[in-house]
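Structural overview
This is what each chain is made of:
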Amino acid sequence: MRGRPEAVIVRVIEPKYAYPWRAGNRFDLLVDGPAFFARMLEAISTANRHVLFECYLFESGEVADRFIEALIRAARQGARVMVLLDGYGALGLRPEDRHRLERGGVDLAFYNALHWQKGVRNLLRDHRKLVVVDGVVGFVGGAGVTDEFDPQREPHMRWRETMLEIHGPVVVDWQDLFASTWRSAGQPAALLSRPDAAALDAGFPARVTVTDGVLRHEITRTVIRRIAVARQRVWIATAYFLPSLRLRRALAHAARRGVEVNLLLPGPHTDHPAVRHAGRRYYRRLLRHGVRIFEYQPRFLHAKAVLCDEWASVGSSNLDRWNLRWNLEANQEVDDPRFATKLAAIFEHDFAESSEITRSAWERRPWRLRLLESVWGSVGRWLHSWRHPGAR
């Protein structure tokens, strides 16, 4: 009898969202590696107190060398530099580069390092991408520290990505989120200074949303609710498209009531062809309901963004079931027509470089593609049936 009231109390006092809406923020949309890597490195070079660096994909190469050198310089200039990498995503970081960071005074930690005894828990990954400098400026989005985002030999094939540069009160929320994940990775609590993040004049209202695969599913919940109330547009860019039934229904309902529902998805260039084929099995029904599907042609589309009327969400999260079930994810929400206009311009540019999949053309696709969709779709359903170790 005593257990029931306690369970009810926990559900009542738990906040809906980890962080509140905060007014007075400024955001710069940075498209592709040469733009956002330069701004991130410049910010790291100005660090006085701390650099917080959280990343999923970190692989040795020319881009990694630039960041390793910048992080070591910041540490030697007196800033505390804390780098949290995913235990799987950083497998491509050579041991000598790990030693360089540690010898250079960087606090280096790994989230959920792989071990055979962990079994299915090895699937729990930190997919967030976050840099915070001195609690004053932050960068979030979907980019990893790999040469794919800024290749020197084939710059025309760099992965298509969008990052946000952030100024304003929400930077402190991103700092707090990093500190929480740092502790969950088994590191001692980080005592970080909290600057007075005053609201900027004419800034944008914004909120940080998080997903941890077990307790919090803020990103999915918010996106589906925004789709449900959208009146003019629902534009979504995602690198991997394995949508849940709830999301598919929300998209179909929005299209049927006259909302312009556009999906911007990878075309022939992708790092996971199997995932692309598995996701394409949903095209037929979505097209039938009036959803428009654009496949990006020039290079691999790795961006993650949602635009519903004047509300936007940009961050690390792909809208696929695997990411949202197993990964730590975080997005920046912005609700302002000025920001929406800027993000819409990027979408429109990418739509123009895409090939639209029409319903009639899709019905005429060759049997080989149908077979691949069926095979990889079956594999996807089998993987989705795996039980999350934190689920009840």
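Residues numbered from 1 in each chain as written. Predicted model: local features only at pLDDT ≥ 70, side-chain atom pairs only at ≥ 80, totals over all residues. Heavy atoms only, no water.

1. What to know about the side chain of Asp126
Just so we agree on the cut-off: Helical segments are the DSSP runs of H or I of at least four residues, strand segments are the runs of E of at least two, and each set is numbered from the N terminus. To sort residues, take the accessible area from a 1.4 Å probe on protein chains only and compare it with the maximum for the residue type: under 20% means buried, over 50% means exposed, and anything in between is partly exposed. The convention is simple: Lys and Arg are positive, Asp and Glu are negative, and His and the chain ends are not counted. Salt bridges, as used here, are contacts in which a Lys or Arg side-chain nitrogen is within 4 Å of a carboxyl oxygen on Asp or Glu. Two N or O atoms form a polar contact when they lie within 3.5 Å of each other; inside protein one atom must be a possible hydrogen donor and the other a possible acceptor, and for residues adjacent in sequence the pair counts only when both atoms belong to side chains. Whether two residues are in contact is decided by their heavy atoms, any of which lying within 4.5 Å being enough.
Within the fold, Asp126 resides in strand E5 (residues 125-126). In this structure Asp126 is buried but unpaired, with Arg128 as the nearest side chain of opposite charge at 4.7 Å. Side-chain polar atoms of Asp126 contact the backbone nitrogen of Arg128, separated by 3.1 Å. In contact with Asp126, not counting residues within four places along its chain, are Glu54, Tyr56, Leu84, Asp86, Tyr111, Thr181 and Leu328.

2. What about the packing of aromatic side chains?
To keep it simple, the criterion reads: Think of it this way: a Phe, Tyr or Trp ring, Trp meaning its six-membered ring, pairs with another when their centres are within 6.5 Å, and the plane angle makes it stacked under 30 degrees, edge-to-face over 60, tilted otherwise. In this analysis the charged atom, NZ for Lys or CZ for Arg, is taken to sit over a ring once it is within 6 Å of the ring centre and within 35 degrees of the ring normal.
In the structure shown here, the tally under the stated rule is 16 aromatic pairs. Pairing Phe149 with Trp159 gives two aromatic rings, centres 5.1 Å apart and planes at 75 degrees, and the pair type is edge-to-face. Within this pair, whereas Phe149 is found in the loop between strand E7 (137-141) and strand E8 (162-167), its partner Trp159 is found in the loop between E7 and E8, the two being separated by 10 residues in sequence. Of the residues examined, Trp159 reaches a relative accessible area of 13% and is grouped as buried. A centroid spacing of 5.8 Å and a plane angle of 35 degrees characterise the contact between Phe347 and Phe351, whose relative ring orientation is tilted. With Phe347 and Phe351 both in helix H11 (residues 337-352) and four residues apart, the pair spans about one turn of that helix. Through a chain of ring-to-ring contacts, three or more aromatic side chains come together here, namely Phe36, Phe37, Phe53, Phe58 and Phe67. Just above the ring of Tyr17 sits the side chain of Arg207; from NZ or CZ to the centre is 3.8 Å. Sitting above the plane of the Trp235 ring, Arg233 keeps its charged end 5.4 Å from the centroid.

3. Details of the environment of Lys118
Along the chain, the position of Lys118 falls in the loop between strand E4 (107-111) and E5. Looking at Lys118, its side chain comes within polar contact range of the side chain of Asn112, at 2.9 Å. Among the polar contacts made by the side chain of Lys118, one reaches the main-chain carbonyl oxygen of Ala113 at a distance of 2.6 Å.

4. Digging into the pairing of strand E3 (residues 80-86)
Heads up, the condition is: A pair of strands is treated as paired once DSSP finds two or more bridges between them. Here, the term right-handed applies to a crossover whose path from the first strand over the helix to the second runs clockwise when the strands point away from the viewer.
Among the seven residues that make up E3, six are buried, leaving the element largely enclosed by the rest of the structure. Alignment of strand E2 (residues 50-55) against E3, held across six bridges, turns out to be parallel. Note on E3: the bridge partner recorded for Leu52 is Met82. The parallel pair E2 and E3 is bridged by helix H3 (residues 62-76), and the resulting crossover is right-handed. The pairing of E3 with E4 spans five bridges and is parallel. Bridge pairing in E4 places Met82 opposite Asp107. Handedness of the E3-helix H4 (residues 95-103)-E4 crossover: right-handed.

5. Brief notes about the pattern of salt bridges
Tallying each qualifying case throughout the model produces 22 salt bridges. Between Asp97 and Arg100 there is a salt bridge, and its shortest N-O distance comes to 2.9 Å. Separated by three residues within a single helix, Asp97 and Arg100 lie in helix H4, roughly one turn from each other. With a relative accessible area of 2%, Asp97 lands in the buried category. Residue Asp150 pairs with Arg158 through a salt bridge whose shortest N-O separation is 3.8 Å. Judged by its relative accessible area of 8%, Asp150 falls in the buried class. Since its relative accessible area comes to 18%, Arg158 is described here as buried.

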